[in-house]
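A closer look at the structure
Spelled out from the first residue to the last, the chains are:
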Amino acid sequence: QELALKSLGNEGLFLFSSLDTNKDLYLSPEEFKPIAEKLTGVAPVSESEEEETPDPDGETLSIVAKFQPLVMETMTKSKDGFLGISHVALSGLRNWTAPAAPRSVLLARQFKAFLPPKNNLDLGDPWWIIPSELNIFTGYLSNNRFYPPPPKGKEVIIHKLLSMFHPRPFVKTRFAPQGAVACIQASSSFYYTIAFRIHAEFQLNEPPNFPFWFSPGQFTGYIVLSKDSSHIRDFRLFVPNNRSLNVDMEWLYGASESSNMEVDIGYLPQMELESTGPSVPTVIHDENGKVLDSRDPSGEPIQFVFEEITWQQEIPWQEAAHRLEVAMYPFKKVSYLPFTEAFERAQAEKKLVHSILLWAKLPVPGSGRTLRETVLESSPILTLLNESFISSWSLVKELEELQSNRENEFYSKLAKLHLEKYNFPVEMIICLPNGTVIHHINANYFLDITSMKPEDVESSIFSFSTNFEDPSTATYLQFLKEGLQRAKPYLQP
């Protein structure tokens, strides 16, 4: 390591380390491939693509990419004019103003990755197109990378699609939950509508700049395809834009994995792929097998007429999307309502509001993700939340906007009471239907005390139970129960 640093310098070693995926201080031909492709301008076909034998009679699907760049003013760093942030750090973001490939033509058969597994599945039953390989025990993947690994198997089509937006998509995110999940939304004799959700991210910078990660909250969409994948009727993939913030960004400030990292959030108005119409044959045959001209006598392309699909089974899009969300985030077996809707429901049902207030939708490694992947997924917590609370999951910026909106004084007051108790990065709050906060705890403090031995915890606010082996589950259960106890005088009929 010392010799490498002496020979390559800080920045050279940083680039070397980003390519040396197995950390053996030796670049194999496979590890050197991204640089070779960059120097030569030639990108070899991946092994998975080489295995594909294009069907000369197969159908092709035309897809267009629609992209509006991130609104820079929505980044929190914009409030002070990006003070202290070098122009170079944000260069990849600022320069990304259009899709890398506005239009692409793909083989219909390549979309077979979206078909369900062979075993019979009911509508809404999720399966993994790309399984997640990360969990709370495996940690997360390196930030110090510039070039995606070659896609394999079912990753290939998703990599092709995302490459229409930017040349460096990472099909597997650095943090859990990663991968792609799907379910059947509708079924007919010959067709499926498949709903899907993909967690992927992009690397916007290249050497000599340091990595800049661009992580949309999710990609979702649907595909209507025949059960043998020979024909595609419709396809759409997009980043939802219905919330005020939908992208996380993280960038390094130094030439090592332990270098300081800056984080921010922002709003992306549009990132979408859409088919221009159904897939069509590349070659047309008559009933005798003779190849026909694909244009009519006037020179216009032959127009195809497609039969109408009669769906025999169907579930609403919202239900399919929720099933996929729960597959990615098991803690969402509890319904987390929008902020104002949660209080309306709590008033109607005379329940407490269990609210989680966080700075970013996908917090950097630490309290937010740890809570999500451990405590909030545990069976005792899920049971108590479903029985006794109305839950909500909100961003600080959303509540700041709600507080400043004077058109509804009640909602403004609810937001104000929440923000008064908030501390970075995540605050768990229990409050009455009128917004009065009766209990709260910061996620970092919660994780600190649950990592200590019970006898070392000075505070008597939280006590440890012996009913559960996991101290974090026991402590969060105690937090919820104490909230219920404190609320009793207010909730008495």
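In the nomenclature of an unreviewed UniProt entry, the protein chain corresponds to SELN protein from the organism Certhia familiaris.

Let's talk about the sheet that holds strand S19 (residues 352–358)
Taken in spatial order, the five strands line up as S18-S20-S19-S21-S22 in an open sheet, and their pairing is mixed. Taken across any chain shown, the strands that pair with only one partner, and hence form the sheet edges, are strand S18 (336–337) and strand S22 (437–442). By the bridge criterion, five bridges tie strand S21 (residues 426–431) to S22 in an arrangement that is antiparallel. Across the sheet, residue Ile429 finds its bridge partner in S22, namely His440. Contacting S19, strand S20 (389–395), S21 and S22, helix H13 (residues 471–491) runs over the sheet at an angle of about 165° to S22.

Examining the pairing of strand S1 (residues 59–68)
Moving residue by residue along a regular strand, the side chains alternate between the two faces of the sheet. The element S1 is largely enclosed, with a buried count of seven among its ten residues. The pairing of S1 with strand S14 (residues 280–281) spans two bridges and is classified as antiparallel. Each residue of the ladder has a partner; that of Glu59, found in S14, is Pro281. For S1 and strand S2 (residues 103–107), the ladder comprises five bridges, and the chain directions are antiparallel. When the bridges of S2 are listed, Ser62 appears paired with Val105.

Some details on the packing of helix H7 (residues 339–349) against helix H11 (residues 409–421)
Remark: H7 packs on H11, axes separated minimally by 11 Å, with the N-to-C direction vectors making an angle of 100°. On the basis of their axis angle, the class for H7 and H11 is roughly perpendicular. Of the residues in H11, those in contact with Phe339, Thr340, Phe343, Glu344 and Gln347 of H7 are Phe410, Tyr411, Leu414, Ala415 and His418. Here the residues of the contact of H7 with H11 sort into six nonpolar, three polar and one charged.

So, the sheet that holds strand S7 (residues 201–203)
Across the sheet, five strands lie side by side as S4-S7-S8-S11-S12; this open sheet has antiparallel pairing. Each edge of the open sheet is held by one strand with a lone partner, namely strand S4 (169–170) and strand S12 (261–266). Relative to S7, S4 is paired through two bridges, and the arrangement is antiparallel. Following the sheet pairing, Pro169 is matched in S7 by Phe202.

Some points on the packing of aromatic side chains
Considering all chains together, one arrives at 24 aromatic pairs under this definition. A ring pair is formed by Phe111 and Phe114, whose centres lie 6.2 Å apart and whose planes are at 25°; its orientation type is stacked. Comparing Phe111 with Phe114, the two get one shared label, buried. Note on Phe212 and Trp251: the rings are 5.1 Å apart at their centroids and 10° apart in plane angle, and the pair reads as stacked. Within this pair, whereas Phe212 is found in strand S8 (residues 212–216), its partner Trp251 is found in strand S11 (residues 247–252), the two being separated by 39 residues in sequence. One exposure class covers both Phe212 and Trp251, and it is buried. Three or more aromatic residues joined by ring pairs form one cluster here, namely Phe67, Trp96, Phe165, Phe202, Phe214 and Phe219. The cationic tip of Arg94 hangs over the ring face of Phe82; the distance from NZ or CZ to the ring centre is 5.2 Å. Against the face of Tyr192 rests Lys227, its NZ or CZ located 4.9 Å from the ring centre.

Reading guide: rules and limits
Residues numbered from 1 in each chain as written. Predicted model: local features only at pLDDT ≥ 70, side-chain atom pairs only at ≥ 80, totals over all residues. Heavy atoms only, no water. Pairing = 2+ DSSP bridges. Helix = DSSP H or I, 4+ residues; strand = E, 2+ residues; numbered from the N terminus. Contact = heavy atoms within 4.5 Å. Axes fitted to C-alpha atoms, helices over the stretch in contact; angles between N-to-C directions. Buried < 20%, exposed > 50% of the residue type's maximum accessible area, 1.4 Å probe, protein only. Parallel < 35°, antiparallel > 145°, perpendicular 65-115°, else oblique. Nonpolar A, V, L, I, M, F, W, Y, C, P; charged D, E, K, R; others polar. Phe/Tyr/Trp six-rings, centres within 6.5 Å; stacked < 30°, edge-to-face > 60°. Lys NZ or Arg CZ within 6 Å of the ring centre and 35° of its normal.

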